[in-house]
Amino acid sequence: MDANLNSEKGKEVIYEQLLQFVTEIIGSDVMEELNVTKESILTKDLEMDSIEIVAFAEKVRDQYGTAVDFTSWISNIELEELLNLSFSQIVDFIYDSLNVK
Amino acid sequence: MAKFAFVIPPLEGHINPTLSIGRRLLERGHTVGWICVEAPGIKEKLPEGAKALIIQHHLSEDDLSELTKNSVGISIQGIESLKILYEDVLIPFNQFLLEGIVSYLKDFEPDIVVYDQQMFAGAVASYRLKIPFVASVTAPSSIRTIEALPKLHEWEDNQVISFQQRNGVPFDDRLDEHAEFVLVYTSDLFFGEHKLSQQYKFVGPVTEARPNQYTFDWDRFRAWGDIPKILVSIGTTFIFEEKINFFLKVMEAFKNEEIGVVVISDPDLFDEIPANFIIQKRIPQLQILPFLQVVVCHAGQNTVSESLSHGIPLVTIPVAYDQSQVAESVVKTGAGIRLKFNRFRPKELRDAVYEILNNSIYAENAGTVRDSFIQCGGVDAAVGYLEELVD
């Protein structure tokens, strides 16, 4: 586990990691054209569809393993919530999961 | 001999399989009726001998179009389109037609009702009148649960279950589960892994015997000679003008290439049409497909099925609804490449088409899907299952 994740910088590190995953999925040229922030909504602002969200979830799972039960978390997200899901919500979930330990 | 009633929405892709199956039932001496809302051209589509059970209404063509999603789609894409489809289209549309369906079924007294799965009012009406019913699924993604996002499918189901309950059906699951069986117009191979019961009959795409309704510039098409030919279609339910950027990128991608390009769009939207382009609003798609090497499309279930039935690989560019999942099936079976609708650049589209033209593996994989479709039995299988119910 990256020691930074427990520091003030932790959320920033997680956010950068998530951006990397999304870039791998939708392409770096696309990412460069978008003004992505922590408040960007994956489905609306990044136009990610269900298949891309699933690919994203797999990358998160592979990165954090059992320390963060991202698969269950996202599988319990209702349609309405998914339509408003931002990076900051995901960052908070991962950060909180890592810091419960 | 038996009596069958199809309950359909006025949408081409949903109607077409019922036309082929219904025509075959008529040929075999059965009585067949179609219950549909009054819409332009709907009666003319039905085969000879069909009973047209048309629900009259006082809506304008625009209002009807609004109600049947034809005009939806300018900015609504991705997962949000699912929500709009149910809340603004399917639920009000089914409620609007329910009593009309009940009334026609009472008069017509069919032995079996075959309802389009999106016309779930047809299941409710049949249940109320105690007529056995069969579901017809033209958009197989609607019976798929994405394992990582199960709540999406659950939400869809809940919309339908609430509709059923408001209209007198006591069950807490969909009536599809109580149907005699569910006709699914694709193959197991293309649909991918699933946990559906034996009640789901994968009969493959049903595209045969559709009459040719549209003219086509065959002279120009033949004049292209031996160069590769492709079709570009994002379906007929979107307003072409709102998708002009898409079509301009298509033109940019291929205007200087040695490729013949048939585009389904409005030719009046373009200042100039290059010699290697044919642009028409409607085309006799089934007649043209055998001459094509690649189909570029929005991953609508019907265009994809028709292309793969001819063993033609695809570049998919999904826009909305279930198209993302159909595109995923194309990629998973190796029968094509996927691009992003708003994001792709002309060069990427051009590269994708050349990648498919230059690598036979895509066509081989498309051929494998075609074979899986053939093995499903198509119209014969569907008619066989239906006749078993009434023997």
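Bear in mind that the values here come from a model prediction, so they are computed numbers and not experimental data.

A. Main features of the overall build of chain A. When helices and strands are counted, chain A shows six helices and zero strands. Going residue by residue from the N terminus, the α and β elements of chain A occur as α-α-α-α-α-α. Projected onto the principal axes, the alpha-carbon positions of chain A cover approximately 35 × 30 × 20 Å. Taking all 101 residues of chain A together, the buried fraction comes to 48%. Within chain A, contacts between residues at least 6 apart in sequence are counted, and of these 67% link residues at least 24 apart. Taking the average location of the 7 positive side-chain charges in chain A and that of its 21 negative ones, the two points are 7 Å from each other.

B. Local environment of the packing of helix H9 (residues 244-254) of chain B against helix H13 (residues 346-358) of chain B. All names here are of chain B. Here H9 crosses H13 at 60 degrees, and the two axes come no closer than 8 Å. If you check the angle between H9 and H13, you find them oblique. When the axes of H9 and H13 are compared, the crossing they make is right-handed. Contacts between H9 and H13 involve Lys249, Val250, Glu252, Ala253 and Phe254 on the former and, on the latter, Pro346, Leu349, Arg350 and Val353. Grouping the constituent residues of the contact of H9 with H13 by class yields six nonpolar, no polar and three charged.

C. Region of interest: the sheet that holds strand E13 (residues 336-338) of chain B. Residue and element names in this part refer to chain B. Spatially, six strands are ordered E10-E9-E8-E11-E12-E13 in an open sheet, and the strand pairing comes out parallel. Looking at the sheet topology across the chains shown, the edges are occupied by strand E10 (277-280) and E13. Neighbour-to-neighbour, the strand axes of the sheet open up by a mean angle of 15 degrees, direction not taken into account. Two elements, strand E12 (residues 314-316) and E13, share three bridges in a ladder whose sense is parallel. In the sheet register, Thr316 faces E13, and the bridge partner there is Arg338.

Here is what the cut-offs are and how they apply
- Along each chain, the written sequence defines residue order, and numbers are assigned to residues from 1.
- The naming scheme follows written order: chains are lettered A onward, ligands numbered 1 onward.
- In keeping with the model being predicted, local features are shown solely for residues with a pLDDT of at least 70 and side-chain atom pairs are shown and tallied solely at 80 or more, while totals for entire chains, interfaces and linings include all residues.
- Excluding hydrogens and water, the side-chain figures rest on all heavy atoms present in the structure.
- Each helix is a run of DSSP H or I of at least 4 residues and each strand a run of E of at least 2, with the numbering of both proceeding from the N terminus.
- For every residue, the accessible area obtained with a 1.4 Å probe (protein chains only) is divided by the maximum for its type, and the residue is called buried under 20%, exposed over 50%, and partly exposed between those limits.
- Residues count as neighbours in contact if any of their non-hydrogen atoms are within 4.5 Å of one another.
- We count Lys and Arg on the positive side and Asp and Glu on the negative side, and we leave His and both chain ends out.
- For this purpose, a charge sits on NZ of Lys, CZ of Arg, CG of Asp or CD of Glu.
- Axis lines are fitted through C-alpha atoms, for helices just across the contact stretch, and the angle between N-to-C directions can take any value from 0 to 180 degrees.
- Small angles under 35 degrees read as roughly parallel and large ones over 145 as roughly antiparallel, with 65 to 115 read as roughly perpendicular and the rest as oblique.
- Left-handed describes a crossing whose near helix is turned anticlockwise from the far helix through less than a right angle; right-handed describes the clockwise counterpart.
- Side-chain classes follow a simple rule in which Ala, Val, Leu, Ile, Met, Phe, Trp, Tyr, Cys and Pro form the nonpolar group, Asp, Glu, Lys and Arg form the charged group, and the remainder, Gly included, forms the polar group.
- Strand pairing is assigned whenever DSSP detects at least two bridges linking the two strands.

Limitation: the analysis is restricted to geometry and does not speak to function.
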